[in-house]
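Structure at a glance
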Amino acid sequence: MFPQSVFPDTAEVDTQGQLVLGGCRATDLADEYGTPVYVLDEETLRARCRSFTGEFRKLYPATNVSYACKAYINPELAKLFQEEGLGFDVVSGGELALLISAQVPMDEVYFHGNNKTPQELSEALEHSIGWVVIDSFYEMELLDRLAGQAGRTQDILIRVSPGIDPHTHVYTTTGVLDSKFGFAIQTGHAAEAVRMGLAAKNLNLRGLHFHLGSPIFELEPYRVATELVLRFAAEFREEGLEMERFSPGGGFAISYIRGQDPPPISAYAETIVSTMTETCQELDMEPPSLVIEPGRAIIGPAGVAIYRIGAIKDVPGVRKFVSVDGGMGDNIRPALYQAEYEVVAANKADWEPREKVTIAGKYCESGDLLASDIMLPELESGDLIAIPAAGAYCPSMASNYNLNPRPPMVLVKDGKSRLIRRRESYQDMMHCDVV
Ligand SMILES: *Cc1c(COP(=O)(O)O)cnc(C)c1O
């Protein structure tokens, strides 16, 4: 009944039918912090980190796990991930600045993105970032020049696009030919980039990277792309390309709705490591160290959004709209790419589903629906609903549309809760306006 598989490890329903997360009742969290509120389960977060480091290093000790900050980051989480031995992927000067302010060491920080600005690259150089993952010819020239001016030699990887479709939503597919990301192997651009990287005076090309998209529910795309990219790398051995590092990116899937059954982390590890070691053996190539870049698969399953129900509108014979106090401002994913979610009535978690409803947000868009035509118990205004698997790409993509303040973030563990980001105030939202 209760869809345990999409909730954090510690989630349970108590004898009063109340949803409990990390030992805290959802109703108590809603009362204390208000709604909407995003709850992160610390045990699940740490367990996911340990699964990635553990499962990969068990098969291949030279693996680094680099957390993709764009899934969601904040200073307390940066500390937690550091404690768990993770490195970090950033895609903007802002994410980099956050890590710097959290005093994260820069050696295992990777800068990604298809259009890093001159300012962002200068900031990265200034703070001695470990790695820049080059995504365009423009960037290669720019970084070479800026590194020269800074008197530095910058370690780089080159992002190649292997031309493999991972069968996910078109908006989150990145490793195909028709993509703004990376150098396509197919067009010869990747080869040109490698030669340019080897020749660049102030850049040290130390390996290759690809990222296929997200979420990827199949193992096959990783196998095919890993083999293809390593074979591509081998072609440049004589020209001086040493594959010291290899990254097959992130994109590891999680279950958003019951019945969805993504491969376990161990299966991704097995596929990637065995393909890499076998291909390297065949090519007589020293296996590079491996960099894995999960974002969603670490923080997604740990997060639950809690909303309170307000207006309920029944259109007879058409649809029953149950409106909540959040929506597309804190979770754009259903509107952006038809993402689906489970919904649980947090204060009636063991009640029988009785009616088909649509959960609507409070934003002024008809498309602001969090879940459509789902079965829930009889609901009343004031009830709470919980949306699981909401830790990734919800708060990080949040906006102030309609000037709604963005929700707070609460970490729960062993019956205690801790605010790691407060709710925005109206003043916060007007802070940058110049009058
Ligand atoms: C977004 C991204 C990731 C993380 O993707 P997830 O689906 O969150 O695992 C990893 N690497 C790169 C280069 C990315 O752009």
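The rules we used
Here the residue numbering is sequential within each chain, running from 1 through the sequence in written order. This being a predicted model, a pLDDT of at least 70 is required before a residue's local features are given, and a value of 80 or more before pairs of side-chain atoms are given or counted; all residues contribute to the totals for chains, interfaces and linings. Hydrogens and water are ignored here; the side-chain numbers use all heavy atoms of the structure. By convention in this text, a residue qualifies as near a molecule or strand provided that one of its non-hydrogen atoms is within 4 Å of it. Here a polar contact is taken to be a pair of N or O atoms separated by no more than 3.5 Å, where protein atoms must pair a possible hydrogen donor with a possible acceptor and residues adjacent in sequence count only if both atoms sit in side chains. Here a cavity denotes grid points, spaced 1 Å and computed from the protein atoms alone, that fit a 1.4 Å probe unable to get out, and a pocket denotes an open set having protein on both sides within 12 Å along at least 5 of 7 lines; residues with an atom within 4 Å of a point are the lining. Grid points are joined across faces, edges and corners, and a volume is the space filled by probe spheres set on the points. We count a stretch as a helix when DSSP gives it H or I for four or more residues in a row; a strand needs E for two or more, and each element gets its number in order from the N terminus. Note that the domain bounds reflect an automated or database-derived domain assignment. Note on definitions: a residue-residue contact is assigned when non-hydrogen atoms from the two residues lie within 4.5 Å. Buried area: the accessible surface (1.4 Å probe) lost by two parts on joining, summed over both. Just to be clear on terms, a salt bridge is a Lys or Arg side-chain nitrogen sitting within 4 Å of an Asp or Glu carboxyl oxygen. Lines fitted to C-alpha atoms define the axes here, with helix axes fitted over just the stretch in contact, and angles between the N-to-C directions of these axes take values from 0 to 180 degrees. Should an angle fall under 35 degrees it is called roughly parallel, over 145 degrees roughly antiparallel, and 65 to 115 degrees roughly perpendicular, with every other angle called oblique. The hand of a helix crossing depends on one turn: near helix anticlockwise from the far one by less than a right angle means left-handed, and clockwise means right-handed. Each residue is assigned to one class: nonpolar for Ala, Val, Leu, Ile, Met, Phe, Trp, Tyr, Cys and Pro, charged for Asp, Glu, Lys and Arg, and polar for all the others, Gly among them. A simple rule labels every residue: compare its accessible area, found with a 1.4 Å probe on the protein chains alone, to the largest value its type can have, and call it buried under 20%, exposed over 50%, or partly exposed in between. Strand pairing follows a simple DSSP-based rule, namely that at least 2 bridges must link the two strands. Each Phe, Tyr or Trp ring, with Trp reduced to its six-membered ring, pairs with another whose centre is within 6.5 Å; inter-plane angles below 30 degrees give stacked pairs, above 60 give edge-to-face pairs, and intermediate values give tilted ones.

Taken together, 15 residues are adjacent to the ligand, and K70, S214, E293, R296 and Y393 come closest. In the environment of the ligand, an oxygen atom lies 2.9 Å from a nitrogen or oxygen atom belonging to the backbone of G251. Residue Y393 places a side-chain N or O atom 2.6 Å away from an oxygen atom belonging to the ligand.

Before going further, it helps to examine the layout of surface pockets. Rolled over the atoms, a probe sized like a water molecule indicates the empty space that remains. Taken as a whole, the second largest pocket holds about 510 Å³ of empty space. Around the second largest pocket sit 28 residues that line it, and Y341, E342, V343, A371 and I374 are the ones nearest its centre. When contributions to the lining of the second largest pocket are tallied by element, the ones reaching two or more residues are α11 (333-337), β16 (344-345) and β18 (369-376).

Taken domain by domain, the protein chain comprises domain 1 (4-41 + 300-430) and domain 2 (112-294). Computed over C-alpha atoms, the centres of domain 1 and domain 2 are 36 Å apart. Counting residues at the interface gives 12 residues for domain 1, matched by eight residues for domain 2. Together domain 1 and domain 2 conceal approximately 1000 Å² of surface at their shared face, both sides included; 57% is due to carbon and sulfur atoms. Put simply, domain 1 and domain 2 have one salt bridge between them. Put simply, R258 and E342 hold a salt bridge, and the shortest N to O gap is 3.2 Å. Between domain 1 and domain 2 we count one residue pair in polar contact (both at pLDDT 80 or more) in total.

Contact geometry for helix α8 (residues 220-234) and helix α9 (residues 265-283): axes closest at 9 Å, N-to-C directions at 30°. Between α8 and α9, the angle falls in the class roughly parallel. Regarding α8 and α9, the two cross each other, and that crossing is right-handed. On α9, the residues that touch Y222, R223, T226, E227, L230, R231 and A234 of α8 are Y268, T271, I272, T275, M276, T279, C280, E282 and L283. Of the residues assigned to the contact of α8 with α9, the class counts are eight nonpolar, four polar and four charged.

Charged atoms that come close allow side chains of opposite charge to pair. Within the structure shown, the criterion is met by 27 salt bridges. Residue E84 pairs with R46 through a salt bridge whose shortest N-O separation is 2.8 Å. One end of the pair, E84, is in the loop between α3 (75-83) and β6 (87-90); the other, R46, is in helix α2 (residues 42-59), with 38 residues separating them in the sequence. The two residues E84 and R46 agree in class, both being buried. One salt bridge in this structure joins D414 and K413, with 3.4 Å as the shortest N-O distance. Relative accessible area serves as the criterion here: at 34%, K413 is assigned to the partly exposed category. Counted as one network, the salt bridges with shared partners bring together E42, R46, R50, E83 and E84.

On to the sheet that holds strand β3 (residues 24-25). Paired through backbone hydrogen bonds, the strands of a sheet run either parallel or antiparallel to each other. Pairing is antiparallel across the open sheet formed by three strands, whose spatial order is β1-β2-β3. Unpaired on one side and paired on the other, β1 (12-13) and β3 mark the two borders of the sheet. Two elements, β1 and strand β2 (residues 19-21), share two bridges in a ladder whose sense is antiparallel. Counterpart to E12 in the pairing with β2 is V20.

Centre distance and the angle of the planes are the two values used to describe a pair of aromatic rings. Following the criterion strictly, the structure yields 13 aromatic pairs and no others. Pairing F52 with F252 gives two aromatic rings, centres 5.4 Å apart and planes at 45°, and the pair type is tilted. Of the two residues, F52 is situated in helix α2 and F252 in the loop between β12 (245-249) and α9; the sequence distance between them amounts to 200 residues. Each member of the pair, F52 together with F252, is buried. Their ring planes at 35° and their centres at 4.1 Å tell us that Y67 and F81 sit as a pair that is tilted. Of the two residues, Y67 is situated in strand β5 (residues 63-68) and F81 in helix α3; the sequence distance between them amounts to 14 residues. Here Y67 and F81 have matching classes, each one buried. Each member of the aromatic cluster is reached from another via a ring pair, and the members are F52, F56, Y222, F252 and Y268.

With that settled, the discussion passes to the environment of L384. For L384, the location among the structural elements is in strand β19 (residues 384-388). The buried category is assigned to L384, whose relative accessible area is 1%. For the pair L384 and I306, spaced 78 residues apart in the sequence, the C-alpha separation amounts to 6.7 Å. Residue contacts for L384: discarding those within four places in its chain leaves A26, T27, A30, T35, I306, Y307, R308, V344, A345, A346 and N347.

Our focus in this paragraph is the side chain of S247. Positionally, S247 belongs in strand β12. At a separation of 3.1 Å, a polar atom in the side chain of S247 contacts the main-chain amide nitrogen of G249. With residues near it in sequence (within four places) discarded, S247 still touches L208, H209, F210, V291 and E293.

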